[in-house]
Amino acid sequence: MEQPEQNITATPQPTETASPPLPTTATEERLLPEPTAQERVPALGDLVFDVENVSCYYSAFRAVTDVSLAIHENEITAFIGPSGCGKTTVLRTLNRMNDLVPGARVEGDIRYRGASLYAKDVSPIAVRRRIGMVFQKPNPFPKSIYDNVAYGPRINGEHNKRKLDEIVEHSLQQAALWDEVKDRLNKSGLGLSGGQAQRLCIARTLAVEPDVVLMDEPCSALDPIATGRIEDLMREIKSRYTIVIVTHNMQQATRVSDRTAFYSVLRNEESDTRTGVLVEYGRTQQIFEDPHDERTKAYVTGRMG
């Protein structure tokens, strides 16, 4: 069962952004392993996340059960399935965003580049700095376009104006927004259209150089033209980032993703509860053209909602 969207500010923030790790001290929690220069431009297929037998709980309620899958570098992985199947819950486990939900806990193991994401000595702050997130609804800060993008680098200690200028321009270029806003960087980010605002949020996430970008239905509030621009952007940046996206739009999954995970719901008639379950995971073409499970086939052909 997916939880309602929390009132949490999207990346970048000190506790919710992806960025290079801070220097460690004797009193700090252990940070996750920093990708090497070679890992930044790896051969396709390198393992980023290894999820093994993961179940997600909200207090005593089990929202998702026994999820196992591997997410690969420089690929776009799509999570699809009906409402309430746990797609967003699983997505949020990948950067420990569910830690912010009272009563939430995770059983099983999630490994990020070989390190256990939920080990007791791993800092969730470090996790969220490395693994950024773009939320369903665009949420620019009530600041200028420039300050929206520069916010994360400043939080991380960058105050050189020339360097910030370079980061802002590069991030907006990566988000395919620079040409549209370069002459009004001092204007409020709240004045952008929905599609522009979402690309600004993506630029804000990329400004702190994440390793992974999670996207929770990033196009659900956008028109088809804005959606197309976001999809083009995802395809353009996947050579530099690993992307995991939750989407209700199956056509979008077929257009942009390399792999697709289909989730469904197990219903307990006695207790009237619904638990999310991973039904099938594979290459997107195989999932949509030759699914191995009848439940997957029913969903992708429209016979089950």
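Quick summary incoming for the structure in this document. Here the structure is a predicted model, which is why all the values come from computation and not from measurement. (Residues numbered from 1 in each chain as written. Predicted model: local features only at pLDDT ≥ 70, side-chain atom pairs only at ≥ 80, totals over all residues. Heavy atoms only, no water.)

This next bit is on the side chain of T242. Take T242: it is sitting in strand 8 (residues 242-246). Every residue in contact with T242, bar those within four places of it in the chain, is listed here: V48, I71, H72, E73, N74, E75, D211, V212 and V213. (Helix = DSSP H or I, 4+ residues; strand = E, 2+ residues; numbered from the N terminus. Contact = heavy atoms within 4.5 Å.)

Here helix 7 (residues 194-206) contains 13 residues, and its C-alpha end-to-end distance of 19 Å stays within 8% of the 18 Å for a straight helix at 1.5 Å per residue. Within the span of helix 7, buried status applies to G195, Q196, A197, Q198, R199, L200, C201, I202, A203, R204, T205 and L206. Turning to helix 7, the residues buried within the fold contact strand 6 (131-134), helix 4 (145-155), helix 5 (161-174), helix 6 (178-181), strand 7 (212-216) and helix 8 (224-237). (Expected span 1.5 Å × (residues − 1). Buried < 20%, exposed > 50% of the residue type's maximum accessible area, 1.4 Å probe, protein only.)

So, on to the packing of helix 4 against helix 5. It is the contact of helix 4 with helix 5, at a shortest axis distance of 9 Å, that shows an interaxial angle of 115°. The angle between helix 4 and helix 5 places the two elements in the roughly perpendicular class. Considering only the axes of helix 4 and helix 5, their crossing is right-handed. In this structure, helix 4 uses I145, Y146, V149, A150, P153 and R154 to contact helix 5, whose residues at the interface are K161, L164, D165, I167, V168, S171 and L172. Per-class residue counts for the contact of helix 4 with helix 5 are 9 nonpolar, 1 polar and 3 charged. (Axes fitted to C-alpha atoms, helices over the stretch in contact; angles between N-to-C directions. Parallel < 35°, antiparallel > 145°, perpendicular 65-115°, else oblique. Left-handed = near helix turned anticlockwise from the far one by under 90°. Nonpolar A, V, L, I, M, F, W, Y, C, P; charged D, E, K, R; others polar.)

Relative to strand 2 (residues 61-72), strand 1 (residues 47-58) is paired through 8 bridges, and the arrangement is antiparallel. Each bridged residue has a counterpart across the sheet, and for L47 the counterpart in strand 2 is H72. In terms of strand pairing, strand 1 meets strand 4 (residues 104-112) through 8 bridges, oriented antiparallel. Bridging across to strand 4, S55 finds its partner in E107. (Pairing = 2+ DSSP bridges.)

A word on the pairing of strand 9 (residues 259-268). In terms of residue burial, strand 9 counts as a mostly covered element, since 7 of its 10 residues are buried. With 4 bridges joining them, strand 3 (residues 76-80) and strand 9 adopt parallel strand pairing. By the bridge assignment, I80 is partnered in strand 9 with F262. Alignment of strand 9 against strand 10 (residues 273-283), held across 10 bridges, turns out to be antiparallel. Looking across to strand 10, one finds that V265 is bridged to G276. Following strand 9, the chain reverses through 4 residues before pairing antiparallel with strand 10; D272 in that reversal takes a positive phi of roughly 55°.

Here the focus is the environment of S188. Mapped onto the elements of the fold, S188 is located in the loop between helix 6 and helix 7. Counting along the chain gives 47 residues from S188 to F141, while the straight-line C-alpha distance between them is 8.6 Å. In contact with S188, not counting residues within four places along its chain, are K143, S144 and I145.

If you trace the 10 strands from one edge of the open sheet to the other, you get 5-4-1-2-10-9-3-8-7-6, paired in mixed fashion. Here the strands that pair on one side only, and so sit at the sheet edges, are strand 5 (115-116) and strand 6. Along the sheet, helix 7 makes contact with strand 6 and strand 7, crossing strand 6 at roughly 170°. Its contacts with the sheet put helix 8 on strand 3, strand 7 and strand 8, and the angle it makes with strand 8 is roughly 150°.

Below, the discussion takes up the packing of helix 5 against helix 7. For the pair helix 5 and helix 7, interaxial distance at closest approach is 8 Å and the crossing angle is 130°. In terms of orientation, helix 5 and helix 7 fall into the oblique class. Considering how the two elements wind past one another, helix 5 and helix 7 form a crossing that is right-handed. Residues S171, L172 and Q174 of helix 5 touch helix 7, and the partners they reach there are L200, A203 and L206. Residues of the contact of helix 5 with helix 7, tallied by class, amount to 4 nonpolar, 2 polar and no charged.

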